[in-house]
Amino acid sequence: MYQPAIDLAALTAIDMHVHIEVDDHGHHSLPDDLVAAASKYFKTDGPRPAIEAVAQYYRERRMAAVVFTVDARTQLAHPPLSSVDLARAAAEHADVLIPFGSVDPRTGAAAVELAARLIEDEGVRGFKFHPTVQGFDPSREEYAPLWDLLQTAGVPALFHTGQTGIGAGMPGGYGFRLGLSNPMLLDPIAAEFPRLQIIMAHPSVPWQDEALSVATHKHNTWIDLSGWSPKYFPASLVRYANSMLKHRVLFGTDFPLLTPDRWLRDVESTDLKPEVLPGILKDNAARLLGLADAVESD
């Protein structure tokens with residue numbers, strides 16, 4: 001069972017958004033045609049490292065990484081990577097890896113049961129959801145038992161928000177519906193489950209104002225800065241990260257599509273204040289993940 005063995009003082013950062021896209025047997029988290037289209041969209045055909053290589057990569061940079069896959073078995077008709085295997089591999093690299101689980105909400109009670117097992121038996125520290133790729137509206141009442149379980153267990157839920165490059169350029173965008181990742185659909189969850197910590201991943205283009213509205217109104221919500229080079233962050237996001245949301249904004253990359261090396265290089269050309277960066281890079285995530293005792297008030 002995973003138990004963190006992270007030396008916070010030795011870390012430079014905690015990357016809240018790291019994808020594991022292939023397992024030790026070469027099985028990809030997405031169908032081959034989606035993998036090829038995503039590589040074209042993101043202008044990368046680089047390696048999709050397995051979890052052991054990811055651990056070494058972050059260890060070399062004195063960073064910890066939240067690692068996950070996305071279980072979209074219903075929408076994609078494609079077997080997902082195993083969150084059980086991911087958690088057990090992360091346990092072997094507990095000095096740098098923090099496993100999040102993934103379940104397909106469209107499987108109903110089975111998703112709730114699997115999430116409970118991942119928490120109780122494998123020690124996962126949170127869950128990743130991608131409403132567009134998984135094809136579900138997170139605000140619908142039928143998914144409330146899943147959010148109730150995560151709230152009771154005290155583990156955060158990380159949701160993709162905004163546009164996605166997955167399926168971009170394919171006929172009909174592979175059938176994916178962008179509106180399912182509007183952050184406003186997370187507002188009812190934050191209202192009904194006030195102890196559930198909800199992370200809105202990425203600059204939520206074209207709904208950045210909606211994400212900022214939810215985050216300023218519901219203090220059980222967070223924003224991770226993954227998926228975009230910092231030099232492209234919307235000005236409003238930078239302004240809020242420098243001020244009223246500085247304790248609930250999180251460093252994230254979307255590795256392997258965006259690397260921490262590039263993120264850190266590009267952030268130097270932004271208006272993010274040097275005094276807020278320690279919180280964004282490490283301290284906020286440490287509090288959220290229960291790795292630090294002190295909790296800042298905002």
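Described below are features of the structure shown in this document. (Residues numbered from 1 in each chain as written. Predicted model: local features only at pLDDT ≥ 70, side-chain atom pairs only at ≥ 80, totals over all residues. Heavy atoms only, no water.)

### Observations regarding the sheet that holds strand S3 (residues 97–99)
Turning to step 1, where the next piece is worked out: Taking strand neighbours across the sheet as the criterion, the three strands line up as S1-S2-S3 in an open arrangement whose pairing is parallel. Strands at the two margins of the open sheet, each flanked by one partner only, are strand S1 (13–19) and S3. Here the average twist between neighbouring strands, direction ignored, is 25°.
Turning to step 2, where the next piece is worked out: Sheet topology note: the S1/strand S2 (residues 63–68) ladder contains five bridges and is parallel. The residue of S2 that forms the bridge with isoleucine 14 is alanine 64. (Pairing = 2+ DSSP bridges. Helix = DSSP H or I, 4+ residues; strand = E, 2+ residues; numbered from the N terminus. Axes fitted to C-alpha atoms, helices over the stretch in contact; angles between N-to-C directions.)

### Concerning the sheet that holds strand S8 (residues 249–250)
Turning to step 1, where the next piece is worked out: Across the sheet, which stays open at both edges, the five strands sit in the order S4-S5-S6-S7-S8 with parallel pairing between neighbours. In this open sheet, the two edge strands, each paired with only one partner strand, are strand S4 (127–129) and S8.
Turning to step 2, where the next piece is worked out: Summarising the sheet, strand S7 (residues 221–224) and S8 pair through two bridges and their orientation is parallel. Bridge assignment links aspartate 224 to a residue of S8, and that residue is leucine 250.

### A word on the layout of surface pockets
Turning to step 1, where the next piece is worked out: Taken as a whole, the largest pocket holds about 840 Å³ of empty space.
Turning to step 2, where the next piece is worked out: Breaking the lining of the largest pocket down by element, the ones donating at least two residues are S1 and helix H1 (32–41).
Turning to step 3, where the next piece is worked out: For the lining of the largest pocket, the element with the highest residue contribution is H1, accounting for three residues.
Turning to step 4, where the next piece is worked out: Residues that form the lining of the largest pocket fall into these classes: 15 nonpolar, 15 polar and five charged.
Turning to step 5, where the next piece is worked out: Roughly 240 Å³ of volume is contained in the second largest pocket.
Turning to step 6, where the next piece is worked out: In terms of lining residues, the second largest pocket is bounded by 14 residues, among which Asp23, Asp24, Asp85, Leu86 and Ala89 are the most central.
Turning to step 7, where the next piece is worked out: Top element by residues in the lining of the second largest pocket is helix H4 (residues 83–91). It accounts for four residues.
Turning to step 8, where the next piece is worked out: Residue composition of the lining of the second largest pocket, by class: seven nonpolar, two polar and five charged. (1 Å grid on protein atoms, 1.4 Å probe; cavity = no way out; pocket = protein on both sides within 12 Å on 5 of 7 lines; lining within 4 Å. Points joined across faces, edges and corners; volume = space filled by probe spheres on them. Nonpolar A, V, L, I, M, F, W, Y, C, P; charged D, E, K, R; others polar.)

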